[in-house]
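What the coordinates show
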Amino acid sequence: MFELTNEQRKCFAIPLVLDSWKRVEVKASPYDHYVTYAFLDGSKIVKVIQVSDTAGREMYQEFGVEQTLSDDGTKILPKTDKGKPQNFTSANLVKKTPIGMSLSFDSGYVAVVNNTADQCFYRSFYNAEKPETLKDFSMWVDNWCLNTEEKELKDINEFANRTKIYQKFKEGDFFRFRINRRLFGYGRILVNYAQMRKDGIQFWDVFMGKPLCVAVYHIATEDATITPEQLIRLKMLPSQMIMDNIFYYGECEIIGNMPIDPDEDNYTIHYGKSIDARKPNYLYYQSGKTHVALKGKKELDLHSSDVLGDFSNKGIGWDLHIQLPILLECIKKKSNEPYWDMIPAWRANQDLRNPKFKKELKQVKKQMGIN
């Protein structure tokens, strides 16, 4: 079964397995489709590996922990006097907070993460890479290590030494993020809906968590010193809604701030029937800070002529919805036209900004009284 070698671990800044450690297979839970191994340094659990070669459910995960076993090796001891010992099983072990660098592969998704800092160094999604099997993943690891030079080693080891921070951010902030280990992307926070919620400013709140409206610029570069003054002249991809985690924990690093231009129009658009049972006959439109609530004379029906389609566009995720091939094509064409052709059809068909909905957008704005 696949496992990283120590030479490969160096390329991901993952602590090496020492000869003095003991490797044990952890008791599986009834529904585990993977095998869990713990590495013990005396009575200390210092590393966990989970791996599955079950067809269609192949996965690999390696991360560090700081846990202590009882003298008989059957219980995970609590870290405080208030806690209780837990059985040494995979279910209990994976609940423990991971530390240090980790590498994970599951369902075609690969991530290299600093768990201590809650920051991600690499996401395969950003690069449109999707290894489906353990064999594919093994080849991906080989290729990563083959292309690791001194600069890459230095960068990932510096990243591995990061500690947790809590970054402040606000509307108008410019940010930098890693697309991969060589390229940086840049973007901007356009609206902080969580702050609006806190301030009591009305908007159509169809989002979970602490939502931000952000946009990524038409740039993918090895230069980590691009300034807001340079970025402000660039075109943006269509904005998106995102949870604030990667900003709060500093994965997207704030590099400056400027007031939002009053003529800025790259905002997400959300239009549709109320989801609030207390207001069943309301129709809403939200874009940036433009908020319109239209009350009908009767209960609105999604299939009636009152509602010009369902474009609530309320999906929100943890990561930026960007992929390098799409970004590069938009940069090449100096246009966002490739974006609408290359993103998943379900996403494109929910977005009223899609050029193919030009007629519908005009009708919606007229209906809602928006100039």
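In what follows, the structure referred to is the one given above.
A brief report on the enclosed structure follows. (Residues numbered from 1 in each chain as written. Predicted model: local features only at pLDDT ≥ 70, side-chain atom pairs only at ≥ 80, totals over all residues. Heavy atoms only, no water.)

Turning next to the overall build of the protein chain. Along the backbone of the protein chain there are 11 helices and 17 strands. Along the first, second and third principal axes, the C-alpha atoms of the protein chain reach 70 × 45 × 40 Å. The buried share of the protein chain, taken over its 371 residues, is 49%. Restricting to contacts in the protein chain with at least 6 residues of sequence separation, those with at least 24 account for 61%. Looking at the protein chain as shown, the accessible area adds up to about 19700 Å², and 50% of this sits on carbon and sulfur atoms. For the protein chain, the separation between the mean place of its 52 positive charges and that of its 49 negative charges on side chains is 6 Å. (Helix = DSSP H or I, 4+ residues; strand = E, 2+ residues; numbered from the N terminus. Buried < 20%, exposed > 50% of the residue type's maximum accessible area, 1.4 Å probe, protein only. Contact = heavy atoms within 4.5 Å. Areas by Shrake-Rupley, 256 points an atom, 1.4 Å probe, with all protein chains shown as cover. Lys, Arg positive; Asp, Glu negative; His and termini not counted. Charge placed at Lys NZ, Arg CZ, Asp CG, Glu CD.)

Tracing the backbone shows Asp351 in the loop between α10 (345-348) and α11 (358-368). Given a relative accessible area of 5%, Asp351 falls into the buried group. Aside from chain neighbours lying at most four places away, what touches Asp351 is Phe311, Asn313, Trp340 and Phe357.

In this structure the tally under the stated criterion is 17 salt bridges. Taking the shortest distance from any N to any O, the salt bridge between Glu253 and Arg176 comes out at 3.4 Å. One end of the pair, Glu253, is in strand β14 (residues 253-257); the other, Arg176, is in strand β10 (residues 173-178), with 77 residues separating them in the sequence. In this structure Glu253 comes out as partly exposed when scored by relative accessible area, which is 25%. For Arg176, a relative accessible area of 14% corresponds to the buried category. Between Asp351 and Arg353 there is a salt bridge, with its nearest N and O atoms 2.8 Å apart. One network of salt bridges, in which partners are shared, links Glu3, Arg9, Arg23, Lys47 and Glu62. (Salt bridge = Lys/Arg side-chain N within 4 Å of Asp/Glu carboxyl O.)

Quick look at the sheet that holds strand β15 (residues 269-273) now. Judged by pairing direction, the sheet is antiparallel, and its 3 strands sit side by side in the order β15-β16-β17 without closing on themselves. The open sheet terminates on both sides in strands that have one partner only, identified here as β15 and β17 (290-295). On average, each strand axis in the sheet is tilted by 5° relative to the strand beside it, whichever way the strands run. Inspection of the sheet shows β15 paired to strand β16 (residues 282-287) by 5 bridges, in the antiparallel sense. Within β16, the residue paired with Gly272 across the bridge is Tyr284. Sheet strands in contact with α11 are β15, β16 and β17, and its direction is about 115° off that of β16. (Pairing = 2+ DSSP bridges. Axes fitted to C-alpha atoms, helices over the stretch in contact; angles between N-to-C directions.)

Right, let's get into the packing of aromatic side chains. What the rule picks out here adds up to 26 aromatic pairs. Note on Tyr60 and Phe137: the rings are 5.9 Å apart at their centroids and 35° apart in plane angle, and the pair reads as tilted. With a gap of 77 residues between them, Tyr60 in strand β4 (residues 59-69) and Phe137 in helix α3 (residues 134-146) connect regions that are remote in the sequence. Here Tyr60 and Phe137 have matching classes, each one buried. Residues Phe175 and Phe247 carry aromatic rings whose centres are separated by 4.9 Å and whose planes lie at 90° to one another, so their mutual orientation is edge-to-face. Placement of the pair is Phe175 in strand β10 and Phe247 in helix α7 (residues 245-248), with a sequence separation of 72 residues. Considered together, Phe175 and Phe247 belong to a single accessibility category, that of buried residues. An aromatic cluster of at least three residues, connected via ring pairs, comprises Phe2, Phe12, Tyr60, Phe105, Tyr122, Phe137, Trp140 and Trp144. (Phe/Tyr/Trp six-rings, centres within 6.5 Å; stacked < 30°, edge-to-face > 60°.)

Turning to the sheet that holds strand β12 (residues 211-221), a few remarks are in order. With antiparallel pairing, the 5 strands of this open sheet are ordered in space as β13-β12-β11-β10-β14. Because the sheet does not close on itself, it has two edges, and the strands there are β13 (240-243) and β14. With strand direction ignored, the average angle separating the axes of adjacent strands in the sheet is 40°. Of the pairings in the sheet, the one linking strand β11 (residues 184-192) to β12 comprises 7 bridges and is antiparallel in character. Paired with Gly185 across the strands is Ala220, a residue of β12.

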